[in-house]
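The residues making up each chain are set out below.
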Amino acid sequence: MIDRPEELEEFTPYLMNRIMARYNKGVEAALKEVGVSVAQMRALAVLAEGGPCTINELSVMTVIKQSTLSRTLDAMEAAGLIRREAGENDSRIRKIHLTQTGKAAYQAAWPAMEHMRDTMLAALSEEERETLKHMLSRVLHDIRHHDF
């Protein structure tokens, strides 16, 4: 095992990054069976739960850099998972919409996400899970720079 300074193991952002890296690694294989990547699943989930949005909004909500997300969306559009439509008031703004194929992929992949979440949180009671979720939501609300 790599010898790490004790302070690093107690540094909350470091712990959060390690946890999410393990979560993403664990869910990656299950998502491959459905034919989507972790980045694609993030986009599918945001669109399925929040409806159409711009690439800027989607970039914030998926935590994916816009340049990377643009390539991800190109692949998703080619696979028929999403479609892009010009905005109603400004044709330069394109809204990203989930297709029926995209919704089906989301519904097929979501159980893998839930299973990995349950595996990740197995050591916590239901009350602890709710507390953790509430605390993380508060932290997110306090640090985010966007109102969506």
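Residues numbered from 1 in each chain as written. Predicted model: local features only at pLDDT ≥ 70, side-chain atom pairs only at ≥ 80, totals over all residues. Heavy atoms only, no water.

- Going by what an unreviewed UniProt entry lists, the chain is known as DNA-binding MarR family transcriptional regulator and is assigned to Celeribacter persicus.

**What to know about the overall build of the chain**
Next, step 1: Along its length, the chain carries 7 helices and 2 strands.
Next, step 2: Each helix and strand of the chain, placed in order from N terminus to C terminus, yields the pattern α-α-α-α-α-β-β-α-α.
Next, step 3: Across its three principal axes, the chain shows a C-alpha extent of roughly 55 × 35 × 35 Å.
Next, step 4: Here the chain, with 148 residues, has 28% of them falling under the buried criterion.
Next, step 5: Considering only contacts in the chain between residues 6 or more positions apart, those separated by 24 or more positions represent 46%. (Helix = DSSP H or I, 4+ residues; strand = E, 2+ residues; numbered from the N terminus. Buried < 20%, exposed > 50% of the residue type's maximum accessible area, 1.4 Å probe, protein only. Contact = heavy atoms within 4.5 Å.)

**Some thoughts on the UniProt feature "domain: HTH marR-type" (unreviewed entry) in the chain**
Next, step 1: UniProt annotation of "domain: HTH marR-type" (unreviewed entry) refers to residues 9-141 when read in the numbering used here.
Next, step 2: End-to-end, the C-alpha atoms of residues 9-141 are 25 Å apart, and along that stretch the chain is 71% helix and 8% strand. (UniProt positions renumbered as here; feature names shortened; annotations may be inferred.)

**Considering unusual backbone geometry**
Next, step 1: Phi is positive for Val63, which is not a glycine, with a value near 60 degrees.
Next, step 2: Take Val63: it is sitting in the loop between α4 (55-62) and α5 (66-78).

**Focus: the packing of aromatic side chains**
Next, step 1: Overall, the coordinates contain 1 aromatic pair when judged by the stated rule.
Next, step 2: Between Tyr106 and Trp110, the ring centres sit 5.6 Å apart and the planes meet at 40 degrees, which makes this aromatic pair tilted. Separated by 4 residues within a single helix, Tyr106 and Trp110 lie in helix α6 (residues 100-120), roughly one turn from each other. (Phe/Tyr/Trp six-rings, centres within 6.5 Å; stacked < 30°, edge-to-face > 60°.)

**Some words on a nonpolar patch on the surface**
Next, step 1: Together, Leu15, Ile19, Met20 and Met120 line one region of the surface with nonpolar side chains, adding up to about 310 Å² of accessible area.
Next, step 2: In terms of residues, the nonpolar patch owes the most to one element, helix α2 (residues 12-34), which gives 3 residues.
Next, step 3: Within the secondary structure, Leu15 is located in helix α2. (Patch = residues over 30% accessible without salt bridge, like charges linked within 9 Å, V, L, I, M, F, W, Y side chains within 5 Å. Areas by Shrake-Rupley, 256 points an atom, 1.4 Å probe, with all protein chains shown as cover. Salt bridge = Lys/Arg side-chain N within 4 Å of Asp/Glu carboxyl O.)

**Some words on the environment of Ser59**
Next, step 1: Summarising the element assignment, Ser59 is placed in helix α4.
Next, step 2: A C-alpha to C-alpha distance of 9.0 Å links Ser59 and Ser70, two positions 11 residues apart in sequence.
Next, step 3: If sequence neighbours within four positions are ignored, Ser59 has contacts with Ile64, Lys65, Gln66 and Leu69.

**Some words on the nonpolar core**
Next, step 1: Counting 27 residues, the largest nonpolar core has Val27, Leu31, Val36, Met41, Leu44 and Leu58 as the members making the most contacts within it.
Next, step 2: Residue contributions to this core peak at 7 residues, all from helix α3 (residues 38-50).
Next, step 3: Here Leu44 is in contact with Val36, Met76, Leu81, Leu98, Gly102, Ala105 and Tyr106, once residues within four sequence places are set aside. (Core = buried A, V, L, I, M, F, W, Y, C linked by side-chain atoms within 4.5 Å.)

**Notes on the pattern of salt bridges**
Next, step 1: Inspection of the entire model under this criterion finds 8 salt bridges.
Next, step 2: Because the salt bridges share partners, they merge into one network encompassing Arg117, Asp118, Glu126 and Arg129.

**What about the side chain of Thr72?**
Next, step 1: Mapped onto the elements of the fold, Thr72 is located in helix α5.
Next, step 2: Take Thr72: its relative accessible area is 12%, and that puts it in the buried class.
Next, step 3: Not counting residues up to four positions away in its chain, the partners in contact with Thr72 are Ala39 and Gln40.

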